[in-house]
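Fold and geometry: a report
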Amino acid sequence: MGWSLRSGNPAGLCATLTPMRVFRVLFLLCGLATAAQAGPVTKKAQPPDVFLVTIDTLRADHLRCYGDPDIQTPALDSLAADGVRFSQAFTPSPITNTSHASILTGLLPSSHGVTDFAVPLSSDHPTWAELLQPQGYHAAAFIGAVILDSKQLAPGFDRGFDFYDNFPERPATKSRWGRVERRGMEVVEHAEAWLNNHRSGPRFVWLHLYDPHDPYEPPEPYASIYKERLYDGEIAYADSALGVFLAYLKKQGWYEGALLIVVGDHGEGLGEHNEDTHGIFLYDSTTHVPLLVKLPGQDAKGREVPAQVRTTDILPTVLDVLDVKAQAKFDGESLRPYFTGAETPGRTAFGETDYPLRFGWAPLRSVREHGVKFIEAPRPELYNLPSDPKELHNTYEPGEAIVGNLRALLAGLRNTPLPSKGAVGQSTSDELRALGYAATDTPGSANVTEPAFLPDPKDKIEEQNLLHKAMLAMDDEKTQAARSAFKKVLEMDPKSPTALAQLGQIELANNNYAAAADYLGRAMEVRPQDATAAFNYGQALQLAGNLPGGRDALQASLKLNPHQFAARLLLGKVYLGLKDPTDAQDQLEAALLLQPESVEAQLSLAEALIAQRKFREAVPQLLAVTHSHPKNAEAYALLAQAYTGLGKKEEAKAAVNRAHQLPVQEAPH
Ligand SMILES: [Zn+2]
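Residues numbered from 1 in each chain as written. Predicted model: local features only at pLDDT ≥ 70, side-chain atom pairs only at ≥ 80, totals over all residues. Heavy atoms only, no water.

**A few points about the confidence of the model for the protein**
- Per-chain confidence: the protein averages 88 in pLDDT, with 87% of residues scoring 70 or above.
- Scored below 50 in pLDDT, residues 1-43 shows 49 contacts in the model against residues more than four places distant or in partner chains.
- The low-confidence segment residues 440-449 (pLDDT under 50) makes 35 contacts with residues lying over four places distant or belonging to another chain. (pLDDT = per-residue confidence, 0-100. Contact = heavy atoms within 4.5 Å.)

Right under this line is the structure:
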């Protein structure tokens, strides 16, 4: 309940409250009567600490406190006992960035717009941390996977945080641990270290425990205890990390007064509806999440709320409990009336996923209310949940009144523009692939088509499962396994842009340039708007010795996205190979505008100048390189050519001698 009311003058406050607020305040006063009478009232108490723990890929029905008798989740169970347990909470999105953006803003995906990886969270939408900042909160975030790294895949998520625990830019390790993922215990250690250094509140701390996300590799003893169901092993391990954090808070005396929320970002298919993981479908297997809210002073302790609620309700609830009046609009509403039983009916839960668009399949929308779920898809679905909780019997009939009503609700959702093109760079793509996600850029770029004309994801889920496995294998450098899985996808769908692009990259990395060019050329035909595919195609053609082809592909790529340094540099070199130094010069100068420090581009530009007999321009260009990189033999060799062109024999000779003294370096990549 509201911290400020514990200490302020409630009667005075009532004057400024709406009738509904007065009702709530009166309710609250009854509950706090004993506390108020017990001791002297201080002038202004400090707002409570707020702790948010999001556990990735957490199915509600795999927790003991949600009725699974076969798993040990003592930390989550203890929070359910100390707080309010929402047994029917739903995320609007089955994918990490999007669902977290909804938790952090209280908005649906179509409202906040973060419908894919790397799409920035617009500053139009204030986040949890930003809204608490004016209340004097110090805020810190501790993430468990690079998927929420605010420098790359989750730009804008760090707004309002004093500290956001991103991943190192140049990880020292090739292992996935520390590079793309952190164990829950490490996340907790980082959070505790920050709290130890920020002992005075109020504080808002968000912990993201990524462990239950696949691949399922729990550490011991969970790997042995749960060896037949490693997903549960990861949940039990994440629970143990949460337990360590709760014990720390209790030891510090920070637990009792805190507002603490634990929520899953989405669930996991585990083979239901043939979906192994999550992201494509909107069934309950991936949208039903646990939600536990422990209020300051353990108010409403042990209450269970069976009403349907949404993760977009969490932020409005926090602000309501803290009595913060935010100038922000939310799609969710405060859950506070459920704490007292003042509200009992469920709320309408929407679901949205654009992830299928990455593969060229139709996006999905769903609405769930009054025991019915409707999924808008090329082949729509309607489920009667009380009799069919697993959503196995589609009862959709086009003319039915209920379908019309549910469609009308969906029509109220905003239409989000497709995510901006070319946002995902190569290193980011590699990280995405390491986590098993499609790494082709320009999501949705193939979809000039109406979604209804795109393939139904129901017909494509086997393909998606294979793609997911193949991408994880690729990151593990199991090239043969990845290659055969992608080829299997091509057997199902010869035009799968993801499989074609990834096979092209595999062959490129293995120096099979002709095969790479073949795959990438086919990828380009399917997705002519994909700048990265076009760049890779150009690279493969160049390496295969087809310079005119490489030139055309690189030009096409740069037309789609002019700001690609690597494509400019390579095109410059291709022009040099084609004995076209004038066009080479243009490209290399453009490349240097993007990356002025690039020695490779500086040397190539000098080469283009020398080829045009522009020796006078080449000399200062090369002298600059010899100053910044005095051990670069190639710079001296080119300098010798330029001096020779100018007839400066002595200088040329000195440069040649210097070049011979230096070891020849490999060109930087
Ligand atoms: Zn997730």
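Structure shown, so let's carry the discussion forward.
**Some remarks on the environment of Glu369**
- Relative to the helices and strands, Glu369 resides in strand β10 (residues 364-369).
- Given a relative accessible area of 18%, Glu369 falls into the buried group.
- Glu369 sits 37 residues away from Leu406 along the chain, and the two C-alpha atoms are 8.9 Å apart.
- Contact partners of Glu369, with chain neighbours within four places excluded, come to Gln308, Thr348, Leu406 and Leu409. (Helix = DSSP H or I, 4+ residues; strand = E, 2+ residues; numbered from the N terminus. Buried < 20%, exposed > 50% of the residue type's maximum accessible area, 1.4 Å probe, protein only.)

**A few points about the coordination of the zinc ion**
- In this structure, Asp56 (OD), Thr96 (OG1), Asp265 (OD) and His266 (NE2) serve as the protein donors to the zinc ion, at separations of 2.0 to 2.1 Å.
- What the four donor atoms of the zinc ion show is an angle range of 101 to 118° at the metal, which sorts the shape as tetrahedral.
- Summarised as a motif, the one-chain spacing of the donors to the zinc ion is D-x39-T-x168-D-H. One end of the pair, Thr96, is in helix α5 (residues 96-105); the other, Asp265, is in the loop between β6 (259-264) and α11 (284-287), with 169 residues separating them in the sequence.
- For Asp265, a relative accessible area of 0% corresponds to the buried category. (Donors = N, O, S within 2.8 Å, 3.2 Å for Na, K, Ca; no water. Tetrahedral: all angles 85-135°; square planar, octahedral: opposite > 155°, others 65-115°.)

**Side note on the side chain of Ser111**
- With respect to the secondary-structure elements, Ser111 resides in helix α6 (residues 109-112).
- At 2.7 Å, the side chain of Ser111 forms a polar contact with the side chain of Asp331.
- Residues contacting Ser111, with those up to four places away along its chain left out, are His125, Asp331 and Arg414. (Polar contact = N/O pair within 3.5 Å; in protein donor to acceptor, adjacent residues only side chain to side chain.)

**Some words on a negative patch on the surface**
- A contiguous patch of negative charge, built from Asp583, Asp586, Glu589 and Glu617, is present on the exposed surface.
- With three residues, the single largest contributor to the negative patch is helix α23 (residues 581-594).
- With respect to the helices, strands and loops of the structure, Asp586 is situated in helix α23.
- A relative accessible area of 44% means that Asp586 is categorised as partly exposed. (Patch = residues over 30% accessible without salt bridge, like charges linked within 9 Å, V, L, I, M, F, W, Y side chains within 5 Å. Areas by Shrake-Rupley, 256 points an atom, 1.4 Å probe, with all protein chains shown as cover. Salt bridge = Lys/Arg side-chain N within 4 Å of Asp/Glu carboxyl O. Lys, Arg positive; Asp, Glu negative; His and termini not counted. Charge placed at Lys NZ, Arg CZ, Asp CG, Glu CD.)

**Description of unusual backbone geometry**
- Cis geometry is found at the peptide bond from Asp214 to Pro215, where omega equals 0°.
- Here Pro215 lies in the loop between β5 (203-209) and α9 (222-225).
- Each neighbour pair has its own omega, and for Glu220 with Pro221 the value is 5°, a cis peptide bond.
- With respect to the helices and strands, Pro221 occurs in the loop between β5 and α9.
- Phi at Asp323 takes a positive value of approximately 60°, unusual for a residue other than glycine.
- Topologically, Asp323 is positioned in the loop between α12 (314-321) and α13 (336-340).
- Of note, His370 is a non-glycine position whose phi angle comes to about 50°, a positive value.
- Within the secondary structure, His370 sits in the loop between β10 and β11 (372-376).

**Quick look at the pairing of strand β2 (residues 84-90)**
- The buried count for β2 comes to six of seven residues, which makes it a mostly enclosed element.
- When β2 meets strand β7 (residues 288-294), the two strands line up antiparallel, connected through five bridges. In the strand pairing of β7, Arg85 is matched with Leu292. (Pairing = 2+ DSSP bridges.)

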